[in-house]
2 protein chains.
Amino acid sequence: MCIPRRDSMSVKVGNLIIGGNQPISVQSMTKTDTRDVPATVYQIKQLEDAGCSIVRVAVPDISAAKCLGQIRSQINIPLVADIHFDYRLAIEAIHQGVDKLRLNPGNIKDTEKVSLICYEAKKFNIPIRIGVNSGSVDRKRFHEITPQALVDSAMEHIRLLEECDFTDIIVSLKASNIPLTIESYKLMSGMVTYPFHIGITEAGPIRTGSIRSGVGIGILLSMGLGDTVRVSLTADPVEEVYTAYEILQSLNLRRHGVQLVSCPTCGRTEVDLQKIVYSLEDKLRIIKKPLCVAVMGCVVNGPGEASEADIGVACGKGVGLLFKKGMPLYKVPQERIVDVLMEEIEKM
Amino acid sequence: MCIPRRDSMSVKVGNLIIGGNQPISVQSMTKTDTRDVPATVYQIKQLEDAGCSIVRVAVPDISAAKCLGQIRSQINIPLVADIHFDYRLAIEAIHQGVDKLRLNPGNIKDTEKVSLICYEAKKFNIPIRIGVNSGSVDRKRFHEITPQALVDSAMEHIRLLEECDFTDIIVSLKASNIPLTIESYKLMSGMVTYPFHIGITEAGPIRTGSIRSGVGIGILLSMGLGDTVRVSLTADPVEEVYTAYEILQSLNLRRHGVQLVSCPTCGRTEVDLQKIVYSLEDKLRIIKKPLCVAVMGCVVNGPGEASEADIGVACGKGVGLLFKKGMPLYKVPQERIVDVLMEEIEKM
């Protein structure tokens, strides 16, 4: 499956390019109080370790805005300031050295203030993401939340920037409703070439939120839409990054760490496969090298799947037969499978 | 988003119809030793409670086959026998009263034996699912595992049945590789009208396997493909059923229990939203009524999302404002939010 990607403009965010056929980047957002600089920096460092490429922080007030420079100076990935309603927060964030703003200019209400933001952003090469969200579309103007309403709302925000001759724009159109999200991006893709930030907003707790994100983001990506991904989970933001990479990896759009293939087990299984798989999954999380590891429970699909992986094991009664790059290696008793696989992986 | 579904034939499996524009059914497979009848029946009962519509059991040998009647008599959903290589297991399973076979006739090797299976299956109105799996495609014949190889392999199995004038067929084409799976079903959809059983095989442990299933099954469903879904996870099979419903629900293809919308939280959140959400998620699992419940952490999207849900709460500093069907109800202190939401949900 070769997915033809939508042609989008390139937008530079710090040292990273979003759009223009660059690899799809993964981003997240801190959940700390932005004014608590050590806690915020610590969380961003964890996100960096997990492979996060851009991080956003909420800027609810001027004291949060005044912390952005300190945060920026202690991290290695581009910093995005999430701002609503107050133009002064945007100006302060720009002066603090952030790499991007997320801001809906329609919420600023005053075109002079919008023009001031554009002037400062342009001076410092700071792009702006317009992030339309079904939960915050103006209900007085758009009675029903349809794809057209989300797109019209985004187009109004976009025009406010374009009127200031500002085109360094990224767009997102998020809803917790997945079909609505998909239709909105599809509609928008015919109207602008700005890069798309994609995600399913308020997807929920980790388990169901990851599934819903897989469905929604997966379908968008399969349509060639999306230049940067943010998974939203009610959970540690590191989980958002893992989920995003799992989605991208499953469609061969990025390679990141180990992809663990493992069989569901059935009445044929004669080892404690769950124990092996979960113990292995824990240990594999730190491996950064892109590898496919297969753990299979029986002879029906086992050898076939195991031999397609970079390394794999096909289990029989109490033992596993190791495969590496399609070649059978040797047999291992079940209690040694995890250790032996890890040893072989570390050699690779 | 209205998804036009592929036209497929109807196939009757016990009291259930797969295909022909019937609701997409959810199935799973037991992980117990099939010969342990009480353990197998217990697991099937748990699956029934979770909303599973069809259950499959492995039949590795004749003693497992001889337990099928006992299992069948104690459960309420159609029973499928998963059989490889040995035609006698298929004949025994049919005589034990199973509702469907999963069997690849090409693996039986002998056309007379295949014809005997078809004769018996037709006599008892038992459909057969041909389940081609990338791990078990004949490598001597198909050197490279491509969509065409999976489809050709399936077509060979299908022809063996059709030559016996047997057309009560369901088809699956599974791979752990998601783009390969999608391309295979897409190719197959132009060739036969038999219903499709869809899934991503060997998707992995619960966390990554659910994401990968969301992506793969979600994309297939968005293309209108799929009449019955099986999620494969290295986990309790009940989790497979929950995942399948979450996927179907996220695309409005089934409604099943509560959809919990919750915000990811950020530097604006002033309540312990994670605690509220996870405590609520636990309590909501038993609610069968299809409802949308939203738990939002701040004023930016909170009231908007909460008012779109059947019931929702938008939190501020230490309190939540309850919404029901779009109308604000009353404020609740944060420590009472879960209990009050549950009370209101039980009233609905």
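Residues numbered from 1 in each chain as written. Chains lettered and ligands numbered in written order. Predicted model: local features only at pLDDT ≥ 70, side-chain atom pairs only at ≥ 80, totals over all residues. Heavy atoms only, no water.

Our focus in this paragraph is the confidence of the model for chain A. With 100% of its residues at a pLDDT of at least 70, chain A reaches an overall mean of 94. As scored by the predictor, the complex reaches a pTM of 0.95 and an ipTM of 0.95. (pLDDT = per-residue confidence, 0-100.)

Quick look at the UniProt feature "domain: IspG TIM-barrel" (unreviewed entry) in chain A now. Per the UniProt annotation, the sites labelled "domain: IspG TIM-barrel" (unreviewed entry) are residues 10-244 of chain A. From the first C-alpha to the last, residues 10-244 of chain A spans 21 Å; its make-up is 42% helix and 18% strand. (UniProt positions renumbered as here; feature names shortened; annotations may be inferred. Helix = DSSP H or I, 4+ residues; strand = E, 2+ residues; numbered from the N terminus.)

Consecutive residues of a regular strand have side chains that alternate between opposite faces of the sheet. Residues and elements named next belong to chain A. Counting buried positions along strand E11 (residues 258-262) yields 5 of 5 residues, so the element is predominantly enclosed. Neither face of E11 is open: one carries Val258, Leu260 and Ser262, the other Gln259 and Val261, and all of them are buried. The pairing of E11 with strand E12 (residues 291-296) spans 5 bridges and is parallel. Bridging across to E12, valine 258 finds its partner in leucine 291. Between the parallel elements E11 and E12, the chain passes through helix H10 (residues 273-284) in a crossover that is left-handed. (Buried < 20%, exposed > 50% of the residue type's maximum accessible area, 1.4 Å probe, protein only. Pairing = 2+ DSSP bridges. Right-handed = clockwise from strand over helix to strand, strands pointing away.)

Let us look at the sheet that holds strand E12 (residues 291-296) of chain B. All names here are of chain B. Here 5 strands make up an open sheet; going across it, the order is E11-E12-E13-E14-E15 and the pairing mixed. The open sheet is flanked by strand E11 (258-262) and strand E15 (327-333), the only strands paired with a single partner. In this sheet, neighbouring strand axes are inclined to one another by 20° on average, regardless of whether the strands run parallel or antiparallel. (Axes fitted to C-alpha atoms, helices over the stretch in contact; angles between N-to-C directions.)

In screw terms, the move from chain B to chain A is a rotation of 180° and a rise of 0.0 Å along the axis, fitting with an RMSD of 0.0 Å. Expressed as a symmetry operation, the mapping of one chain copy onto the other fits a two-fold axis. Of all interface residues in chain B, 100% are interface residues in chain A too; the two copies therefore contact each other through one and the same surface. (Least-squares fit on C-alpha atoms with pLDDT ≥ 70 in both. Contact = heavy atoms within 4.5 Å.)

In this section: the pattern of salt bridges. Oppositely charged side chains may form a pair once their charged atoms are brought near each other. Taken as a whole and assessed by the stated rule, the structure comprises 46 salt bridges over all chains. With a closest N to O distance of 3.1 Å, arginine 102 of chain A and aspartate 82 of chain A form a salt bridge. Note that arginine 102 of chain A is positioned in strand E6 (residues 100-102) and aspartate 82 of chain A in strand E5 (residues 79-82), a separation of 20 residues in sequence. By sharing partners, the salt bridges in this structure join Arg56, Asp82 and Arg102 of chain A together with Arg268 of chain B into a single network. (Salt bridge = Lys/Arg side-chain N within 4 Å of Asp/Glu carboxyl O.)

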